[in-house]
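# Chains, contacts and geometry: an overview
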Amino acid sequence: MSYSTADSFRPVTLDDVRGAQKMLSGVARVTAMEGSRHLSQTAGAPVHLKCENLQRTGSFKLRGAYVRIAGLLPEERAAGVVAASAGNHAQGVALASALLGVRSTVFMPKGAPLPKVSATRDYGAEVRLHGQVVDETLAAAQEYAAETGAVFIHPFDHPDIIAGQGTVGLEILEQCPEVRTILVGVGGGGLAAGIAVAVKSLRPDVRVVGVQAAGAAAYPPSLAAGRPVSVENPATMADGIKVGRPGDVPFGIVGELVDEVRTVSEDELSAALLLCLERAKLVVEPAGASPVAALLSAPGAFEGPVVAVLSGGNVDPVLMERVLRHGMAAQGRYLAVRLRLTDRPGALATLLGVLSVVDANVLDVSHVRTDPRLGLTEAEVELHLETKGPAHCAEVGQALREAGYTVIG
């Protein structure tokens, strides 16, 4: 499979995806397909997890990056490649380039998580930190390509990228031939487009459903308009699908072959990540957990067997801590309350005694004594509690009120 970079808008076919699969043999892992009893019970149908979080570099991105770079002409390889990414695509391009003996330069935002920057360097890329947001980083990478002649490797908007990602679809059909619904996270659309090409060519009866974060959902308005439109200031913890505008190439495929695009909330993403960790024992980033979030938000909406594609597991530990707490809060297992009490010796001990009776685990306590809104003998206390669910949260609040405390948040 060798294509000129000028051939950027040719259609993507099943033959392309099959060719990509042969090219990736011995390079990309055939990732595991794991059943989930808990999700199956929740959905009322068999649910399987396609574990691309266990792929080399921690995400599906290696597939498309390798196919794209391997398809370059000799003079293009000699010029090197350049990419822009905050994480997964960066690592995919870096490893693919190293495997193919091609020089790579990757631009990353200055605020990119250090583990992702370090991993990209370890795979052999020259990393340049530029800009505060990915759009600025992308512009810098394209400028570098124009100045040096390096080939810009787009994260999703090229047929070779889509063909490489489509190999996930072929593996799903081989591993779970009885599948009826495939759920896949959508950012720019490369993975969903590739899976749809592979699956719909062989099994048009299988329903392919895309999932976007509600705060960065560019596909629903784009599909309604019949053309890619931009969402200004996309905001979501799921940086892997935080894309403000669909790619031109995948948009056409998604519009034709993907049956539906749904959105999920931040709370649903957090709960899904927590579930993957606790029940499936899998570390999954928020973008990778988006298909599970769709299952949790509408458990009876999908005909089974269902395959949920866990697209990546490259989550920054600092973000993981925040997301886990957010997920626990969304499930009623983490409670933050503020209340006022009389500022006297033993007052805090008395308060903690009330919480002990209702078996609430105190994680953190902070005091405010100097706020002008407080009375002379008052103090404000903020408590972070670990609880057992919504009913237990209500029980804690009731116990505090019955003990005479004024709960203000």
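What comes next concerns the included structure. (Residues numbered from 1 in each chain as written. Predicted model: local features only at pLDDT ≥ 70, side-chain atom pairs only at ≥ 80, totals over all residues. Heavy atoms only, no water.)

Turning next to the packing of helix α8 (residues 159-175) against helix α9 (residues 190-202). Relative to each other, α8 and α9 sit at 50°, their axes nearing to 7 Å. The orientation of α8 with respect to α9, classified from their angle, is oblique. Once α8 is placed against α9, the crossing between them reads as right-handed. The segment α8 lies against α9, with I162, Q165, G166, V168, G169, L170 and L173 engaging G190, L191, A193, G194, I195, A198, V199 and L202. Split by residue class, the contact of α8 with α9 holds 10 nonpolar, 5 polar and no charged. (Axes fitted to C-alpha atoms, helices over the stretch in contact; angles between N-to-C directions. Helix = DSSP H or I, 4+ residues; strand = E, 2+ residues; numbered from the N terminus. Parallel < 35°, antiparallel > 145°, perpendicular 65-115°, else oblique. Left-handed = near helix turned anticlockwise from the far one by under 90°. Contact = heavy atoms within 4.5 Å. Nonpolar A, V, L, I, M, F, W, Y, C, P; charged D, E, K, R; others polar.)

Quick look at the packing of helix α1 (residues 14-24) against helix α3 (residues 61-70) now. The contact between α1 and α3 brings their axes to 10 Å, and the two run at 95°. By the angle class used here, α1 and α3 are roughly perpendicular. Taking contact as the criterion, the partners of A20, M23 and L24 in α1 are, on α3, R63, Y66, V67 and A70. For the contact of α1 with α3, the per-class residue count stands at 6 nonpolar, no polar and 1 charged.

With that settled, consider the pairing of strand β11 (residues 334-342). Regular strands have side chains that alternate between both faces of the sheet. Relative to strand β13 (residues 378-386), β11 is paired through 9 bridges, and the arrangement is antiparallel. Across the sheet, L335 pairs through a bridge with L385, a residue of β13. In the sheet, β11 pairs with strand β14 (residues 406-407) via 2 bridges, with the strands oriented antiparallel. Residue pairing in the sheet places L339 in a bridge with V407 of β14. (Pairing = 2+ DSSP bridges.)

Read these as layout, nothing more, since geometry by itself doesn't imply function.
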